[in-house]
Amino acid sequence: MNKVFFALTCLVLIAVLSCQNKKTVTINQPDRKWWKEAVVYQIYPRSFKDANGDGIGDLKGIISKLDYIKSLGVTAVWLNPIYSSPNDDNGYDVSDYRNIMTDFGTMADFDELLKGLHARDIKLVMDLVVNHSSDEHDWFKQSRSSRTSPYREYYHWWNAERGTPPPRYSLFDVNHDAWRYDLLTKAYYLHYFSRKQPDLNWENPKVRKEVFDIMKFWCDKGIDGFRLDAFGFAAKDTTWPVYPKGYEKDFSKYYALQPHLHDYLKEMNQEVLSKYDVMSVAEGTGNTNEDAHNMVDADRHELGMAYPFEGVDIAKPEGYSVLHFKQVFSKWDNVFADKGWLSVFLANHDQSRLVSRYGNDKPAFRELSSKMLTTFILTMRGTPYYYNGDELGMTNAGFTDIKDYRDKATLTEYQHQINIKGDMKLFMKTTEFACRDNSRTPFQWDGTANSGFSTGNPWIKVNQNYTTINAAAQESDPNSILNYFRKAVKLRHDNLVLVYGKYTLLDSENPDTYAYTRELDGKKILVLLNFRDHAAAAKTGIDLSKAKLLISNYNQPSSDGSLKPYEASVFELQN
Ligand code: GLC
Ligand code: CA
């Protein structure tokens, strides 16, 4: 018998035998990873803390708040892009990948920030924006200069003598047209996002090498991971097929995970990711569960963690179905039950506020529902991501005047709606609820002017409720959302079962509550959540009389599954 095969069989046998004694899965050592056990805190640098009074958050501002970040108990920070950028899309249009945006500071500030995080045992994950660059990047300037430029093939060009290119939908273009005509060389270039965000041509090995070198540059500086922005779109079908009418309603079905994407990811893994102890997570996951799984199946050597959108897309202005919510999260857990790894999140910089979308931001329920959602995020399997300000229960600003909005997508869509004589009332209503500027208003540090964010004039208005909702007020209140968040983070760190344990949905047809267990190595935890503003009962059939309460957002939590409005109670069950 082949020796390797024999050794493997023995290992499997040992694993099976040792598992037979236990009721639940044992985590193999090699499967444990720091990034699976991490709690990720997402910082939107522009809005976090302004140190020099120009109204824009900056790296020195983040540095001044490192002790606050540490006090949360989070173990990794994901920073939205901080590279040089003309800021057409708040840094998602990079003009120099090896430099820091002037608004944010200098490379020396960055080094200090990284050192300060590491000194506190917090990892740093950078946003990697390489589906596109800025049109002000040197590569694009060269590429556009002539048809024979050595950089021409760094981007996608369609020469005008071929006629108009087959339609492609752009998210941030006033005409939704992803092809932009450039007079200089009489050709169109492709931009899935804004005109100032031309798409890079990943078919070109030189582009791939440039990106891998950039990644190595940051890894050599000591960063701990990458979040790959819009990467599902990086590979294109460059035979440029004509898509059926109406394709734009479901454009990601046509754009995402085109041929070669997995090849690019494998190459990235081989060239960069495998050489460093870094986490890697791609925004979006393609069209199917299988796509998502293939990206992060450890045996395929691509990425480490998936970040599927389905969960974050559930909330609508008119509300959402708890049954649907449970189905989606249970489905995704199931996809990754044996292999691969998942992110768990309900908010980020592209969504409006957590409590306003998924909870209830009315004064009577804001705290309770924030705490309930926190409990959910921190007790699911997968790596939890928490967006800055949600730990205070910050709410949507809901600006009613278009002049208060800064978001590129909103401003171009506003113009588009005017051009097509759209329903502006409806547009504004949707924007008030869903616009991502809602989560980009300045962090509410205290009740002083501009919420303690800046001594200058903030680049975007502060939410007026900062006088009551702010970190300073919550620090001193043991029952605040902030202090609850800290407790819930600690609970996760103290209980490996919450990271790796098997997830089982209970009382699945209950339209109001969400109940599940997590199990690992004989330890069993029960999570009971009420998603409603009225009392509701979770019928789990579990006797709670001997259960130990681990955390609750009520002083007198449920003892029999009947839950108060937005109640969240977590128990350790006795065997
Ligand atoms: C991603 C980012 C978003 C950005 C877009 C274009 O979706 O999360 O903020 O606008 O990519 O880079
Ligand atoms: Ca500043």
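One can find the structure itself at the top, above this paragraph.
Residues numbered from 1 in each chain as written. Chains lettered and ligands numbered in written order. Predicted model: local features only at pLDDT ≥ 70, side-chain atom pairs only at ≥ 80, totals over all residues. Heavy atoms only, no water.

Student: Explain helix α6 (residues 107-119) here, please?
Tutor: Working note: α-helix, 3.6 residues per turn, so residues spaced by three or four point in the same direction. Helix length check: α6, at 13 residues, gives a terminal C-alpha distance of 18 Å against a target of 18 Å (1.5 Å per residue), a fit within 8%. When we look at burial in α6, the residues that qualify are Met-107, Asp-109, Phe-110, Leu-113, Leu-114, Gly-116 and Leu-117. Packed against the buried residues of α6 are α4 (59-64), α5 (66-72), β2 (76-79), β4 (96-100), β5 (123-128) and α8 (205-221). Downstream of α6 by one or two residues, Asp-121 has phi in the positive range, about 60 degrees. (Helix = DSSP H or I, 4+ residues; strand = E, 2+ residues; numbered from the N terminus. Expected span 1.5 Å × (residues − 1). Buried < 20%, exposed > 50% of the residue type's maximum accessible area, 1.4 Å probe, protein only. Contact = heavy atoms within 4.5 Å.)

Student: Please clarify how the coordination of the calcium ion (ligand 2) should be interpreted in this entry.
Tutor: Six octahedral donors around a metal ideally subtend angles of 90 or 180 degrees, whereas four tetrahedral donors ideally subtend 109.5 degrees. Within the first shell, the calcium ion (ligand 2) binds the protein through Asp-50 (OD), Asn-52 (OD1), Asp-54 (OD), Ile-56 (O) and Asp-58 (OD), at distances of 2.3 Å. Ordering the donors of the calcium ion (ligand 2) by residue number gives the pattern D-x1-N-x1-D-x1-I-x1-D. Its relative accessible area of 54% is what places Asn-52 among the exposed residues. On the basis of relative accessible area, Asp-58 is assigned to the buried category, the value being 4%. (Donors = N, O, S within 2.8 Å, 3.2 Å for Na, K, Ca; no water.)

Student: Looking at this structure, I do not really get the packing of helix α15 (residues 408-419) against helix α16 (residues 424-434). What am I missing?
Tutor: A pair of packed helices can be characterised by two numbers: the angle between their axes and the separation between those axes. For the pair α15 and α16, the least separation of the axes is 10 Å and the interaxial angle reads 165 degrees. Classified by the angle between their axes, α15 and α16 sit roughly antiparallel to one another. Considering the relative orientation of α15 and α16, their crossing is right-handed. Only Met-424, Phe-427, Met-428 and Thr-431 of α16 make contact with α15, whose side of the interface consists of Thr-410, Glu-413, Tyr-414, Gln-417 and Ile-418. Its residues assigned to classes, the contact of α15 with α16 comprises 5 nonpolar, 3 polar and 1 charged. (Axes fitted to C-alpha atoms, helices over the stretch in contact; angles between N-to-C directions. Parallel < 35°, antiparallel > 145°, perpendicular 65-115°, else oblique. Left-handed = near helix turned anticlockwise from the far one by under 90°. Nonpolar A, V, L, I, M, F, W, Y, C, P; charged D, E, K, R; others polar.)

Student: In this structure, what is going on with α16? I would like to understand it.
Tutor: Those residues of α16 that fall on the buried side of the exposure criterion are Phe-427, Met-428, Thr-431 and Phe-433. Residues of α16 that are buried in the fold lie against α13 (354-358) and α15. Two to three positions downstream of the cap, the backbone nitrogen of Lys-425 sits 3.2 Å from a side-chain oxygen, assigning the N-cap of α16 to Asp-423. (Polar contact = N/O pair within 3.5 Å; in protein donor to acceptor, adjacent residues only side chain to side chain.)

Student: Explain the environment of Asn-530 here, please?
Tutor: Structurally, Asn-530 is set in strand β16 (residues 523-530). Measuring from C-alpha to C-alpha, the distance between Asn-530 and Gly-359 comes to 11 Å, with 171 residues separating the pair along the chain. Those residues in contact with Asn-530, other than ones at most four positions away along the chain, are Met-372, Asp-512, Thr-513, Ala-535, Ala-536, Leu-563, Lys-564, Pro-565, Tyr-566 and Glu-567. At 2.8 Å, the side chain of Asn-530 and the backbone oxygen of His-534 are in polar contact.

Student: Looking at this model, I keep getting lost on the sheet that holds strand β11 (residues 305-307). Mind explaining?
Tutor: Sheets are built from strands paired through backbone hydrogen bonds, the pairs being either parallel or antiparallel. Spatially, 8 strands are ordered β11-β10-β9-β5-β2-β1-β13-β12 in an open sheet, and the strand pairing comes out parallel. Looking at the sheet topology across the chains shown, the edges are occupied by β11 and β12 (343-344). Two strands pair when backbone bridges link them, and β5 and strand β9 (residues 225-228) are joined in this way by 4 bridges, in the parallel orientation. For Met-126, the partnering residue across the bridge sits in β9 and is Phe-226. Of the strands in this sheet, β12 and β13 (383-387) are in contact with helix α14 (residues 366-379), which crosses β13 at around 150 degrees. (Pairing = 2+ DSSP bridges.)

Student: Mind showing me how you'd approach unusual backbone geometry here?
Tutor: The phi dihedral of Asn-90 falls on the positive side, at around 45 degrees, and the residue is not glycine. Here Asn-90 shows up in the loop between β3 (83-84) and β4. The phi angle at Ala-230 is positive, at roughly 45 degrees, despite the residue not being glycine. By the secondary structure assignment, Ala-230 is in the loop between β9 and α9 (251-255). Look at Ala-230 and you get buried, because its relative accessible area is 6%.

Student: What is the right way to look at the pattern of salt bridges in this model?
Tutor: Here the idea is simple: oppositely charged side chains can pair when their charged atoms come close. For the structure shown, the criterion picks out 33 salt bridges. A salt bridge links Arg-208 to Glu-267, with the nearest nitrogen and oxygen atoms 2.9 Å apart. Of this pair, Arg-208 sits in helix α8 while Glu-267 sits in helix α10 (residues 261-271), and the two are 59 residues apart along the sequence. With a relative accessible area of 13%, Arg-208 lands in the buried category. In this structure, the salt-bridge partner of Asp-404 is Lys-461, at a minimum N-O distance of 3.4 Å. (Salt bridge = Lys/Arg side-chain N within 4 Å of Asp/Glu carboxyl O.)

Student: Just to check I follow, could you spell out the packing of aromatic side chains for this structure?
Tutor: The description of an aromatic ring pair uses the distance of the two centres, along with the angle that the planes make with each other. For the coordinates displayed, the defined rule picks out 58 aromatic pairs. Seen from their ring centres, Tyr-503 and Tyr-516 are 5.4 Å apart, and the 45 degrees between their planes marks the pair as tilted. Placement of the pair is Tyr-503 in strand β14 (residues 502-506) and Tyr-516 in strand β15 (residues 513-520), with a sequence separation of 13 residues. Looking at Tyr-503, the relative accessible area reads 9%, which means it is buried. (Phe/Tyr/Trp six-rings, centres within 6.5 Å; stacked < 30°, edge-to-face > 60°.)

Student: Help me understand the site of ligand 1, please; the structure alone is not making it clear to me.
Tutor: The immediate surroundings of ligand 1 are formed by 13 residues, with Asp-89, Asp-229, Glu-283, His-349 and Asp-350 found nearest. Within the side chain of Asp-89, an N or O atom sits 2.6 Å from an oxygen atom of ligand 1. Residue Asp-350 places a side-chain N or O atom 2.4 Å away from an oxygen atom belonging to ligand 1. When isolated, ligand 1 has an accessible area of 310 Å², and the protein chains bury 95% of it. (Near = heavy atom within 4 Å. Areas by Shrake-Rupley, 256 points an atom, 1.4 Å probe, with all protein chains shown as cover.)

Fair warning: the whole summary comes from geometry, so function is off the table for now.
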